[in-house]
Amino acid sequence: MFKLYFAATSAYVRKVMVCAQVLGLENQIEKLASAAHPVVRDERIAAFNPLAKVPALKTADGLSLYDSRVICEYLNAFAGGPLFPAQGNARWVSLSRQALGDGLIDAALLARYESTARPAEKQWDGWIAAQLTKVRAALAEIDKQAPLFSPAPDDIGLIAIGCALGYLDFRFADLNWRVGHPAAAAWFATFSQHPAMRATVPVA
């Protein structure tokens, strides 16, 4: 049995849970309550991960793993899964797409933290705008690549991108990211209906 510090709102936790669903491991994961925050440290998570961030996973033999990239690759190896191409250009394309999806999430989170975690009198609109510029640049690249994407979560890069777009729907609905990104929107309309994505939709 795996133990996972879990947050239903985290796109990174969602990455792990989508992988677990695809690999048939979801019933082997015990979800532990957490309250990860950029300022207020949750010492429960810190017992697994000194950075006190989710996701953090403990394996049956006591190994502590973090972050989502490491945990997803571990689960894939544990299950003998296909989510990480083993070699050649396919591997580097997959890992680069994972970096693109994770980078989009990173930028969106930094924009959100500025407006929700920082006191109003200290917030910097220029910082938020700069992060959203990164989000839009990532969306443009995703739209360019989307015609080549599989419609199913069968690759870690696509899982990361799918979770990133889902996070925008969840926290940045006013961005209307589908406008101007028709290929990405069409791909996500199918991808988001996969059972592994439907089972992990973020909830407040």
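- Per an unreviewed UniProt entry, the chain is named Glutathione S-transferase family protein, and its organism is Pseudomonas quercus.

**Describing the environment of Trp-92**
Okay, so step 1: Tracing the sequence through the fold places Trp-92 in helix H4 (residues 88-116).
Okay, so step 2: A relative accessible area of 54% places Trp-92 in the exposed class.
Okay, so step 3: Spatially, the C-alpha atoms of Trp-92 and Gly-157 are 9.8 Å apart, while their sequence positions differ by 65 residues.

**A short note on the packing of aromatic side chains**
Okay, so step 1: As enumerated under the stated definition, the model contains 10 aromatic pairs in all.
Okay, so step 2: When the centroid spacing of 6.1 Å and the interplanar angle of 90 degrees are considered together, the rings of Phe-2 and Tyr-74 count as edge-to-face. Residue Phe-2 is found in strand S1 (residues 2-5), and its partner Tyr-74 is found in helix H3 (residues 68-79); the two are separated by 72 residues along the sequence.
Okay, so step 3: Connected via pairs of aromatic rings, a cluster forms that spans Phe-149, Trp-177, Trp-187, Phe-188 and Phe-191.
Okay, so step 4: Stacked on the ring of Phe-48, the Lys or Arg Lys-58 has its end atom at 4.7 Å from the ring centre.
Okay, so step 5: The cationic tip of Arg-91 hangs over the ring face of Trp-92; the distance from NZ or CZ to the ring centre is 5.9 Å.

**Observations regarding helix H1 (residues 11-23)**
Okay, so step 1: Compared with an ideal rise of 1.5 Å per residue, which puts 13 residues at 18 Å, H1 spans 18 Å between its outermost C-alpha atoms and is within 8% of the ideal.
Okay, so step 2: Most of H1 sits inside the fold, with 11 of its 13 residues counted as buried.
Okay, so step 3: Within H1 the residues assigned to the buried category are Ala-11, Tyr-12, Val-13, Arg-14, Lys-15, Val-16, Met-17, Val-18, Cys-19, Ala-20 and Leu-23.
Okay, so step 4: Tucked inside the fold, the buried residues of H1 contact S1, strand S2 (29-32), H3, H4, helix H6 (156-171) and helix H8 (195-198).
Okay, so step 5: For H1, the N-terminal capping position is held by Ser-10, with its side-chain oxygen 3.2 Å away from the main-chain nitrogen of Tyr-12.

**Brief notes about the side chain of Ser-68**
Okay, so step 1: Tracing the chain through its elements places Ser-68 in helix H3.
Okay, so step 2: Its relative accessible area of 2% is what places Ser-68 among the buried residues.
Okay, so step 3: Non-local contacts of Ser-68, meaning those with residues more than four positions away in its chain, are made with Tyr-12, Lys-15, Val-16, Pro-55 and Asp-102.

**Focus: the pattern of salt bridges**
Between side chains of opposite charge, a pair can form when the charged atoms approach closely.
Okay, so step 1: The tally for this structure, following the rule as stated, stands at 9 salt bridges.
Okay, so step 2: Residue Arg-44 pairs with Asp-42 through a salt bridge whose shortest N-O separation is 2.8 Å.
Okay, so step 3: For Lys-144, the salt bridge goes to Glu-141, with nearest N and O atoms at 3.5 Å. Placement of both Lys-144 and Glu-141 in helix H5 (residues 125-145) is noted, with a separation of 3 residues, approximately one turn of the helix.

**Overview of the nonpolar core**
Okay, so step 1: Counting residues in each nonpolar core, the largest one holds 60 residues, and the members touching the most others are Leu-75, Leu-165, Leu-168 and Trp-187.
Okay, so step 2: Apart from residues no more than four positions distant in its own chain, Leu-168 is found in contact with Leu-104, Ala-108, Val-135, Leu-139, Ala-173, Leu-175 and Trp-177.

**Observations regarding the environment of Asp-102**
Okay, so step 1: Relative to the helices and strands, Asp-102 resides in helix H4.
Okay, so step 2: Since its relative accessible area comes to 5%, Asp-102 is described here as buried.
Okay, so step 3: Along the chain, Asp-102 and Ser-68 lie 34 residues apart, while their C-alpha atoms are 9.4 Å from each other.
Okay, so step 4: With residues near it in sequence (within four places) discarded, Asp-102 still touches Tyr-12, Lys-15, Ser-68, Arg-69 and Ala-160.
Okay, so step 5: In this structure the side chain of Asp-102 is engaged in a polar contact, spanning 3.1 Å, whose partner is the side chain of Lys-15.

**Things to note about the environment of Asp-155**
Okay, so step 1: Of note, Asp-155 is situated in the loop between H5 and H6.
Okay, so step 2: Take Asp-155: its relative accessible area is 13%, and that puts it in the buried class.
Okay, so step 3: Remark: the alpha-carbon pair of Asp-155 and Leu-165, spanning 10 residues in sequence, is separated by 16 Å.
Okay, so step 4: Within the structure, the side chain of Asp-155 is placed 2.8 Å from the backbone nitrogen of Gly-157, a separation counted as a polar contact.

What counts and how
Residues numbered from 1 in each chain as written. Predicted model: local features only at pLDDT ≥ 70, side-chain atom pairs only at ≥ 80, totals over all residues. Heavy atoms only, no water. Helix = DSSP H or I, 4+ residues; strand = E, 2+ residues; numbered from the N terminus. Buried < 20%, exposed > 50% of the residue type's maximum accessible area, 1.4 Å probe, protein only. Phe/Tyr/Trp six-rings, centres within 6.5 Å; stacked < 30°, edge-to-face > 60°. Lys NZ or Arg CZ within 6 Å of the ring centre and 35° of its normal. Expected span 1.5 Å × (residues − 1). Contact = heavy atoms within 4.5 Å. Polar contact = N/O pair within 3.5 Å; in protein donor to acceptor, adjacent residues only side chain to side chain. Salt bridge = Lys/Arg side-chain N within 4 Å of Asp/Glu carboxyl O. Core = buried A, V, L, I, M, F, W, Y, C linked by side-chain atoms within 4.5 Å.

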